[in-house]
Amino acid sequence: MPRSQTLSRSQARRIALAAQGFADKPHTTPTMRTFQRTLERTGVLQVDSVNVLQRAHYMPLYSRMGAYDTGLLHRASRGRRDRRMVEYWAHVQAFMPVELWPHMQWRMDDYRAQKGSKWWGSVPDGMKEKVLALVAEQGALTAREAAKALDDAGPQTKDHWGWNWSDSRKTLDILYMFGELAISHRNDQFEVAYDLPERVIPRVHLDAPTPSREEAHLELVRRATRSHGVGTAKDIADYFRMRVDDTTRALNQLIDAGEVEPVAVEGIRKQAYLYSGSRLPRRIDARALLSPFDPLVWERERTEALFDFFYRIEIYTPAPKRIHGYYVLPFLLGEHIVGRVDLKADRKNRTLQVKGAFAEPHAPAETPVELAAELERLAGWLGMDTIQVEPKGDLAPALITEVVR
């Protein structure tokens, strides 16, 4: 496959950042229109239970829109008539645009053909029918509510990292992966509430023709390439967790259709692909803290190749072996990632804690000033009254000076 053009590393960065919404002009007060535009850029919002700062799916929106009313996300992900997104195993557990429901049928079929997975284990005969009948009768239910209704206490041990689910909990998850149940919403305790798809998915999408596997792959790869702007087949495959060979096949179709162009990127040996509608801004004026689960940085090899930023999340690393901290956010300034901070929201004392602050070798002199301003904005959005910087990391001394001014 011939390479038609070569992009510099800077050009590839700017394309990637623009594709993810970091070149968009911010609104003073983000609206649902702003939210929809941002969701179109990110494509999916990964969901994660860690809440040391703010839950993962809220943060990419904040990084792009600034301080926004989280009620926008709740409105977009609840109800049926005006629903804009729904949870499914899109990247991993993630919110995806609700119109992608038919395009996930092939994945649901694959799970059904596998008859579950190793962590579900077996469930008693008749349990699926019992759970479906219960949800049909009572409406959206959490696993805890279903277990109580079915008198299904489940295992009493805490082995296997919490995977000792009750039979009803396993069944709810199986039916969700099969597409026979959908996630209606999450309650205030972050528990998933399951319901019948016809009470969750708007009729226009539920009744839409089911694409073939190849058609679904084509649309998912189209969206992944658009959201990345530029990336390798491996990068693009990771967006919706597809096989690289299926992704490459779809990319070739998109090339033939003129929607994607094969390119070379300076310093990257693998073939890259450019979405034909991608913007190449002259400069990027972004200033943002990025969640560990932000689409811009979740493919770590791509992050290192484009931004020269080595990044590994250390949540599951024992504390004495952590290099930077528990919940570390990269700091984007302009088109570069110039540092990282380990953050925690102390909600009881209304304090944003900076457990550590570290500069990258190429960080400009204004990094402490810009980071302090971004921390103040983040603290305001989270409802924190003060910022407390601990003296850990080479950036901490200068940051302390800026924060206490």
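- The name recorded for the protein chain in an unreviewed UniProt entry is Winged helix-turn-helix domain-containing protein, from Nocardioides turkmenicus.

### A closer look at the overall build of the protein chain
- The helix and strand inventory of the protein chain stands at 15 helices and 15 strands.
- The globule rule puts the C-alpha radius of gyration for 405 residues at 22 Å, and the 22 Å found for the protein chain is close to it.
- Dimensions of the protein chain along its principal axes, counting C-alpha atoms only, are 65 × 55 × 40 Å.
- Within the protein chain, the fraction of its 405 residues that count as buried is 56%.
- By sequence separation, contacts in the protein chain at least 24 residues apart represent 66% of the contacts at least 6 residues apart.
- On the protein chain, roughly 18800 Å² of surface is accessible, and the fraction owed to carbon and sulfur atoms is 49%.
- Taking the average place of the 58 positive charges on the side chains of the protein chain and the average place of its 54 negative ones, the gap between the two points comes to 2 Å.

### Topic: the packing of helix α14 (residues 367-382) against helix α15 (residues 396-403)
- Close contact between α14 and α15 brings their axes to 9 Å; oriented N to C, the two are set at 55°. Considering the angle they form, α14 stands oblique to α15. α15 is crossed by α14, and the crossing has right-handed handedness. Contacts between α14 and α15 involve P368, V369, L371, A372 and L375 on the former and, on the latter, A398, L399, E402 and V403.
- For the contact of α14 with α15, the per-class residue count stands at eight nonpolar, no polar and one charged.

### Describing the sheet that holds strand β7 (residues 192-195)
- If you walk across this open sheet you meet the three strands as β5-β7-β6, and the pairing is antiparallel. Of all the strands in the sheet, just β5 (141-142) and β6 (182-186) have a single pairing partner and so form its edges.
- Direction of pairing for β6 relative to β7: antiparallel, over a ladder of four bridges. Bridging across to β7, I183 finds its partner in Y194.
- Its contacts with the sheet place helix α8 (residues 167-178) against β5, β6 and β7, and it is angled at close to 65° to β7.

### What to know about the nonpolar core
- With 52 residues, the main nonpolar core has V44, M96, M104, L172, L181 and F240 as its most contacted residues.
- With six residues, the single largest contributor to this core is α8.
- Residues within four places of V44 in sequence aside, it is in contact with A90, H91, A94, F95, M96, Y239, F240, P295 and W298.
- With 49 residues, the next largest nonpolar core counts M85, F190, F331 and V389 among its residues.

### A few points about helix α5 (residues 105-114)
- All of the buried residues in α5 are Q105, W106, R107, M108 and Y111.
- Looking at the buried residues of α5, the elements they touch are β3 (85-89), α8 and α10 (213-228).

### Let's talk about the layout of surface pockets
- For the second largest pocket, the calculated volume is near 330 Å³.
- F22, D24, P26, D285 and A286 are, among the 21 residues lining the second largest pocket, the residues nearest its centre.
- At the level of secondary structure, the elements contributing two or more residues to the lining of the second largest pocket comprise α3 (59-65), β11 (287-289) and α14.
- Ranked by residue count, the leading element in the lining of the second largest pocket is α3, at three residues.
- Class assignment for the residues of the lining of the second largest pocket results in nine nonpolar, five polar and seven charged.

### Describing the sheet that holds strand β1 (residues 6-7)
- Taking strand neighbours across the sheet as the criterion, the four strands line up as β1-β9-β10-β8 in an open arrangement whose pairing is mixed. The open sheet has two edge strands, β1 and β8 (230-232), and neither has a second partner.
- Across two bridges, the pairing between β1 and strand β9 (residues 260-265) is parallel. Within β9, the residue paired with L7 across the bridge is V265.
- α10 rests against β8, β9 and β10 (268-275) of the sheet, and its axis sits at about 105° to β10.
- Helix-sheet contacts for helix α12 (residues 244-256) involve β9 and β10, and the interaxial angle to β9 is about 110°.

The rules behind the values
- Residues numbered from 1 in each chain as written.
- Predicted model: local features only at pLDDT ≥ 70, side-chain atom pairs only at ≥ 80, totals over all residues.
- Heavy atoms only, no water.
- Helix = DSSP H or I, 4+ residues; strand = E, 2+ residues; numbered from the N terminus.
- Rg over C-alpha atoms; globule rule 2.2 N^0.38 Å.
- Buried < 20%, exposed > 50% of the residue type's maximum accessible area, 1.4 Å probe, protein only.
- Contact = heavy atoms within 4.5 Å.
- Areas by Shrake-Rupley, 256 points an atom, 1.4 Å probe, with all protein chains shown as cover.
- Lys, Arg positive; Asp, Glu negative; His and termini not counted.
- Charge placed at Lys NZ, Arg CZ, Asp CG, Glu CD.
- Axes fitted to C-alpha atoms, helices over the stretch in contact; angles between N-to-C directions.
- Parallel < 35°, antiparallel > 145°, perpendicular 65-115°, else oblique.
- Left-handed = near helix turned anticlockwise from the far one by under 90°.
- Nonpolar A, V, L, I, M, F, W, Y, C, P; charged D, E, K, R; others polar.
- Pairing = 2+ DSSP bridges.
- Core = buried A, V, L, I, M, F, W, Y, C linked by side-chain atoms within 4.5 Å.
- 1 Å grid on protein atoms, 1.4 Å probe; cavity = no way out; pocket = protein on both sides within 12 Å on 5 of 7 lines; lining within 4 Å.
- Points joined across faces, edges and corners; volume = space filled by probe spheres on them.

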